[in-house]
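# A structural walkthrough
These are the residues of each chain, in order.
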Amino acid sequence: MSENKQAKPTIAWARVIFVGFIIVVAFSIGRFSTTFGPDLQQTINDLTEENALLKASTIRKDGEIEQCRKLVYSLDGSLAGVENPGETNNTTNADGESVRTYLVKENDTLSSIANTVYANSQLFGAIRDANNISAANPLRVGSEIIIPPLEEAVSKANDEERKSEDDSSEPSKE
């Protein structure tokens, strides 16, 4: 009797579950890529733009750091571990005092030199006065000029501003 019975086919449930899982995953991936595909490209574009802005900001910050470095250099005349900016030298005068000098380059102006050594172009008056620079005695390329200490330059600028205010507030004598 057992010979006449036909064997029932067995179902491989592990294979059925595996194939079903693959179908669900494939469907989900297809659905995800069509739903979020355009948004993904927009996100990439946004990140690219933000990256460019960050690079520009970094360049600007590097410039600000350089200005701060110059200011620190101008305040104490040196900066540990950093080269002299290349424009100034420290020497001693006939009285044995330490004097800071600057070698004038092409296209230098009193304002640009003040900006380089003091990080403030408005302090040019002290440089002008310390070196007797005027229309009759102009700034010359290759000449070495004296750079007064920052405190002296600030004091000179404040004095000039006060004098300018006093001159403008005096009544005219007519």
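Nothing here was measured: the structure is a model prediction, and the numbers come from that model.

What the chain contains, in helices and strands, is four helices and three strands. Going residue by residue from the N terminus, the α and β elements of the chain occur as α-β-β-α-α-β-α. Looking at the chain as a whole, 18% of its 174 residues are labelled buried. Accessible surface for the chain amounts to roughly 13500 Å². Of this, 57% is attributable to carbon and sulfur atoms.

Of all hydrophobic cores here, the largest spans 16 residues; its most connected members are Tyr-102, Ile-113, Tyr-118, Ile-127, Ile-145 and Ile-147. Breaking this core down by element, the ones donating at least two residues are helix H2 (110-118), helix H3 (124-130), strand E3 (144-147) and helix H4 (150-169). Here this core gets five residues from one element, more than from any other, and that element is H2. When sequence neighbours within four positions are dropped, the list of residues in contact with Ile-145 reads Arg-100, Thr-101, Tyr-102, Val-104, Ile-113, Ile-127, Asn-131 and Leu-139.

Quick look at H2 now. Owing to its 3.6 residues per turn, the α-helix brings residues three or four apart onto one side. The set of residues buried in H2 consists of Leu-110, Ile-113, Ala-114, Thr-116, Val-117 and Tyr-118. Axial view of H2: buried residues confined to an arc of 165°, hence all on one face. Of the residues flanking the end of H2, it is Ala-119, one or two places downstream, whose phi is positive at about 60°.

When the pLDDT values of the chain are averaged, the result is 76; 68% of them are 70 or greater. No element of the chain has a lower mean pLDDT than strand E1 (residues 88-92), at 69, and none a higher one than E3, at 91. In this model residues 78-86 is a low-confidence stretch, pLDDT under 50, and it forms 11 contacts with partners more than four residues away in sequence or in other chains.

Bringing the pattern of salt bridges into the picture now. One pass over the structure, following the stated rule, counts five salt bridges. Among the ionic pairs, Glu-160 bridges to Arg-128, the shortest N-O distance being 2.7 Å. In this pair, Glu-160 sits in helix H4 while Arg-128 sits in helix H3, placing the two residues 32 residues apart along the sequence. Since its relative accessible area comes to 24%, Arg-128 is described here as partly exposed. One network of salt bridges, with partners in common, ties together Arg-128, Asp-129, Lys-156 and Glu-160.

All right, on to unusual backbone geometry then. For residues that are not glycine, phi is negative in most cases, and the peptide bond is trans in most cases. One non-glycine residue with positive phi stands out, namely Asn-107, at about 70°. Mapping Asn-107 onto the fold places it in the loop between strand E2 (98-103) and H2. Although it is not a glycine, Ala-119 adopts a positive phi angle of roughly 60°. Of note, Ala-119 is situated in the loop between H2 and H3.

Let's shift gears to the side chain of Thr-116. Structurally, the position occupied by Thr-116 is in helix H2. On the accessibility criterion, Thr-116 (18% relative accessible area) is buried. Polar side-chain contacts of Thr-116 include one of 2.9 Å to the backbone oxygen of Ser-112.

Turning next to the pairing of E3. Because side chains alternate across E3, one face comprises the buried residues Ile-145 and Ile-147, and the other comprises Glu-144 and Ile-146, none of which is buried. Two strands pair when backbone bridges link them, and E2 and E3 are joined in this way by four bridges, in the antiparallel orientation. Across the sheet, residue Arg-100 finds its bridge partner in E3, namely Ile-147.

Taken together, Phe-18, Val-19, Phe-21, Ile-22, Ile-23, Val-25 and Ile-29 make up a surface patch of nonpolar side chains, about 690 Å² in accessible area. Among the structural elements, Val-19 can be located in helix H1 (residues 13-76).

Cut-off values and rules
- Residues numbered from 1 in each chain as written.
- Predicted model: local features only at pLDDT ≥ 70, side-chain atom pairs only at ≥ 80, totals over all residues.
- Heavy atoms only, no water.
- Helix = DSSP H or I, 4+ residues; strand = E, 2+ residues; numbered from the N terminus.
- Buried < 20%, exposed > 50% of the residue type's maximum accessible area, 1.4 Å probe, protein only.
- Areas by Shrake-Rupley, 256 points an atom, 1.4 Å probe, with all protein chains shown as cover.
- Core = buried A, V, L, I, M, F, W, Y, C linked by side-chain atoms within 4.5 Å.
- Contact = heavy atoms within 4.5 Å.
- Arc of directions from axis to C-beta.
- pLDDT = per-residue confidence, 0-100.
- Salt bridge = Lys/Arg side-chain N within 4 Å of Asp/Glu carboxyl O.
- Polar contact = N/O pair within 3.5 Å; in protein donor to acceptor, adjacent residues only side chain to side chain.
- Pairing = 2+ DSSP bridges.
- Patch = residues over 30% accessible without salt bridge, like charges linked within 9 Å, V, L, I, M, F, W, Y side chains within 5 Å.

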